[in-house]
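Next come the chains, spelled out residue by residue.
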Amino acid sequence: MKYYLIAGEASGDLHASRLMQALKGEDPEASFRFFGGDLMAAVGGTRVRHYRELAYMGFIPVLTHLPTILGNMRSCKRDIARWRPDAVILIDYPGFNLSIAKYVRACLGLPVYYYISPKIWAWKEYRIKDIKRYVTEMFCILPFETDFYEGRHHFHVHYVGNPTADEVEGFRAAYDGSFADYGRPVIALLAGSRRQEIKDNLPAMVEAAAAFTGYQPVLAAAPGIEPAYYEPFIAGTGVAVVYNQTYPLLAHASAALVTSGTATLETALFGVPQAVCYETPLPKLIAYLRHHILKVKYISLVNLIAGREVVPELVADTFSVANMRAALSAILPGGHGRQPMLDGYAEVRRRLGKPGAPANAARIMVELLGKGKN
């Protein structure tokens, strides 16, 4: 069968590539065409656009690049119509993908499978209307999403497990332990995958970690961000940088400062105590809006899955170098907050359930297509 996939960022490229591998296992005749990245290309098929041509974040960048974004949408729709896949598989990235879903269902009548739900449970809950209209099947990777969709909105979904848990488990099983020897324990800095996130968060992270002279701060560079972009933020600070080694870094870190996103869950699954840090413009206003507009109490996946505060969230008006330093003091070895956080991580692992998310999703997709359910 023919599968058309759309991933708009680095994490989507990773998850989509694992799903493609699983689909090949379930469907030996599988062929792929996609908007995505290098990992998807390595699996096989035809890449139409790289996700770097799609990934614009924030009001101003989106507005500035609006003609490009709209052009990519038109190109994608035309390409799907020409290729006529058996299914279109969307990976998160809702601003782009929900427009594609509407076109595919309303104009082409093809099945739309959404793998990794948009975070409409946090904000923009109104998007549930489009999901119910235009998404044939939703494949969720966070356990609380089942209650959100089925309990709150009466929309059936498939909870398939969490691919990040699979990826971490697979890495740890195969890892040979090799990593740079800095002569002292490591504090990991995970400052995001987009330029704006890095610009906003990294300087304060570097300053906070510098207070702990017995530790080596090590920054995990994001895929697609050139080394020169990091240089102004770390020049002369003593911060080391690793490329394509986020998992080895976490395997050796004593603690971490992490921006919100999948990285918070990865850090927890490696058993690394962390503080979640996310700078915002107009912090007092954002803090107010967070409490009055966001539909969830927390921003980190760790706390959302646990249903309580396992890791501190230093966001908006609580984002400061002083607060980061206090958090690190509490979670580095000997700190009073370290063991309670590790105990909370065990609960998160239990709630994620059994491994095998890509395989579970691929099996269900192929079964549905075989039954002609679109």
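Figured I'd write up the structure that's included with this text. (Residues numbered from 1 in each chain as written. Predicted model: local features only at pLDDT ≥ 70, side-chain atom pairs only at ≥ 80, totals over all residues. Heavy atoms only, no water.)

## Focus on the packing of aromatic side chains
At step 1: On inspection of all chains with the given rule, the structure shows 16 aromatic pairs.
At step 2: Consider the rings of Tyr229 and Tyr230, whose centres lie 6.4 Å apart with planes at 80°: the pair is edge-to-face. Residues Tyr229 and Tyr230 agree in their burial class; the two are buried.
At step 3: Members of the aromatic cluster, each reached through a chain of ring pairs, are Tyr4, Phe35, Trp83, Tyr93 and Phe96.
At step 4: Positioned above the aromatic ring of Trp83 is the side chain of Lys2, whose terminal nitrogen or guanidinium carbon lies 4.8 Å from the ring centre. (Phe/Tyr/Trp six-rings, centres within 6.5 Å; stacked < 30°, edge-to-face > 60°. Buried < 20%, exposed > 50% of the residue type's maximum accessible area, 1.4 Å probe, protein only. Lys NZ or Arg CZ within 6 Å of the ring centre and 35° of its normal.)

## Notes on the packing of helix H9 (residues 195–209) against helix H10 (residues 227–234)
At step 1: Closest axis-to-axis distance for the H9/H10 pair is 9 Å, and the angle between their directions is 35°. Considering only the axes of H9 and H10, their crossing is right-handed. For the pair H9 and H10, contact is made by Arg195, Gln196, Ile198, Lys199, Leu202, Pro203 and Val206 and by Tyr229, Tyr230, Phe233 and Ile234, respectively.
At step 2: Residues belonging to the contact of H9 with H10 are distributed by class as follows: eight nonpolar, one polar and two charged. (Axes fitted to C-alpha atoms, helices over the stretch in contact; angles between N-to-C directions. Helix = DSSP H or I, 4+ residues; strand = E, 2+ residues; numbered from the N terminus. Left-handed = near helix turned anticlockwise from the far one by under 90°. Contact = heavy atoms within 4.5 Å. Nonpolar A, V, L, I, M, F, W, Y, C, P; charged D, E, K, R; others polar.)

## Observations regarding the sheet that holds strand E2 (residues 31–36)
At step 1: A sheet is described by the order of its strands in space; here seven strands give the open sequence E3-E2-E1-E4-E5-E6-E7, paired in parallel fashion. Each end of this open sheet is capped by a strand with a single partner; those strands are strand E3 (46–50) and strand E7 (158–159).
At step 2: By the bridge criterion, three bridges tie strand E5 (residues 112–115) to strand E6 (residues 137–140) in an arrangement that is parallel. Among the inter-strand pairings, Tyr113 is bridged to a residue of E6, identified as Glu137. (Pairing = 2+ DSSP bridges.)

## Digging into the sheet that holds strand E12 (residues 274–278)
At step 1: The strand order across the open sheet formed by six strands is E10-E9-E8-E11-E12-E13, and the pairing between neighbours is parallel. The open sheet terminates on both sides in strands that have one partner only, identified here as strand E10 (240–243) and strand E13 (313–315). Taking the axes of each pair of neighbouring strands and ignoring which way they run, one obtains an average angle of 25° across the sheet.
At step 2: The sheet contact formed by strand E8 (residues 186–190) and strand E11 (residues 253–258) spans five bridges and is parallel. Within E11, the residue paired with Ile187 across the bridge is Ala255.
At step 3: Helix-sheet contacts for H10 involve strand E9 (216–221) and E10, and the interaxial angle to E9 is about 150°.

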